[in-house]
Amino acid sequence: MKHIAIGILAAATVGLMASAASAATTLEAVKAKGFLQCGVSTGLAGFSAPDDKGEWKGLDADFCRAVAAAVFGDGTKVKFTPLSAKERFTALQSGEIDLLSRNTTWTINRDTALGLNFVGATYYDGQGFMVNAKKLPGVNSALQLSGAAVCVQSGTTTELNLADYFKANKMEYNPVVFEKLEEVNAAYDAGRCDAYTTDQSGLYGIRLTLSSPADHVVLPEIISKEPLGPAVRQGDDQWYHIVKWTYFAMLQAEELGITQANVEEMKASGGPEIKRVLGQEADTKLGTDLGVTNDWVVNIVKAVGNYGEMFDRNVGAGSPLKIARGLNALWTKGGLQYAPPIR
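Residue positions are given per chain, counting from 1 as you read along its sequence in written order. Local features in a predicted model are, by the rule used here, given only for residues with pLDDT of at least 70; side-chain atom pairs are given and counted only at 80 or more, and totals for whole chains, interfaces and linings are based on all residues. As a convention, hydrogens and water are excluded, and side-chain values are obtained from all of the structure's heavy atoms.

Focus on the pattern of salt bridges
For salt bridges, the criterion is a side-chain nitrogen of Lys or Arg within 4 Å of an Asp or Glu carboxyl oxygen. Applying the stated criterion to the full structure yields nine salt bridges. We note a salt bridge from Asp 62 to Arg 65, for which the minimum N-O separation is 2.9 Å. On the criterion of helical spacing, the pair formed by Asp 62 and Arg 65 is a turn pair, its members being three residues apart in helix 3 (residues 59–72). One salt bridge in this structure joins Glu 254 and Arg 325, with 3.1 Å as the shortest N-O distance. For the purposes of this entry, the term helix denotes a DSSP run of H or I that reaches at least four residues, the term strand denotes a run of E that reaches at least two, and both are numbered from the N terminus.

Printed below as a string of structure tokens:
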């Protein structure tokens, strides 16, 4: 019996080791195929949407390029998989994609029951409402929407928050629900509902695509916390660390004033902290310990810039959306974006 027990224990140990080994293969698989497969939205301006040449643009798409740059030294080595809200988690769980970077809210259920690991909040957001001011000229608050038909996408925290908000305020509403974002947009633009609800950043992007953008206003209420961020599968710590520290590296680069334009100059003339971050410190192993090269931050910044550059280009002052940094400012400027030290 003792020998049988030892045999069972050994087999179990080998099985656990094999399971751990097979789970920790995302980086190897990505390198073997030569590109990063990144899950994005089916088209949300400012975050991930193809332009008229079919090239994916947006904050989420650029984060995919940043991870590709960290792994390959080349931000172009990424392929995009457009996913609906309903499809996104299954695609990541099944291994169809290596990384989900798709305006997705970080919640406890998704972080536990769905087997995902969120790497951080690349965009702090909150759910809001948009109405057609010409159709509803007297409405300037979500609290005036009792009895309204509200367009919303299924399979999202948005749908759940909507129900909570109206219940808490003892208001009635008629949900007009669709699975695909394009269907929700079309229904709202056609006047099938009185209001549209989703993350407020999304409303600004969607408004640009409507037939008469100037007719629509985003109401002031924010009814939820929506920390949007990339996610990976649980069980692969190395891949989780690579993706997480790519995000932190972009924040650290902005804090230190490292940009696409000056990164090469900073390698030579920067102070001790800048040299360490850029992999110029003598005998550094920060990059290789992570599983990439020691110039990984240089490669990220060359590919997409620092976090501030990525934000401004896609959703901020340099974009059609012109969203203020707000909560997404660095901690040194009153915002929530904060990176642990790279040392």
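Next, the rest of the story.
Focus on the nonpolar core
What makes a nonpolar core is a set of buried Ala, Val, Leu, Ile, Met, Phe, Trp, Tyr and Cys residues whose side-chain atoms join them at distances within 4.5 Å. Each residue is assigned to one of three classes by its accessible area relative to the maximum for its type, calculated with a 1.4 Å probe on protein chains only: buried under 20%, partly exposed between the two thresholds, exposed over 50%. With 74 residues, the main nonpolar core has Leu 36, Trp 239 and Ile 258 as its most contacted residues. The leading source of residues in this core is helix 9 (residues 237–256), at 12 residues. Built from parts of two domains, this core gets at least three residues from each of domain 1 (26–122 + 230–333) and domain 2 (125–225). Residue contacts for Ile 258: discarding those within four places in its chain leaves Ala 253, Val 263, Met 266, Ile 274, Val 277, Leu 278, Val 301, Asn 306 and Glu 309. For the purposes of this description, domain bounds are those given by an automatic or database domain assignment. We call two residues in contact when some of their heavy atoms are within 4.5 Å.

Quick notes on unusual backbone geometry
In terms of backbone geometry, most residues other than glycine have negative phi values and most peptide bonds are trans. With a phi angle near 25 degrees, Asn 103 is a residue other than glycine that sits in the positive phi range. Here Asn 103 lies in the loop between strand 5 (99–100) and helix 5 (108–112). Its relative accessible area of 16% is what places Asn 103 among the buried residues. With a phi close to 50 degrees, Lys 322 is a non-glycine residue in the positive phi region. As for its position among the elements, Lys 322 is in the segment after helix 14 (307–314). Among the residues examined, Lys 322 registers a relative accessible area of 57% and is labelled exposed.

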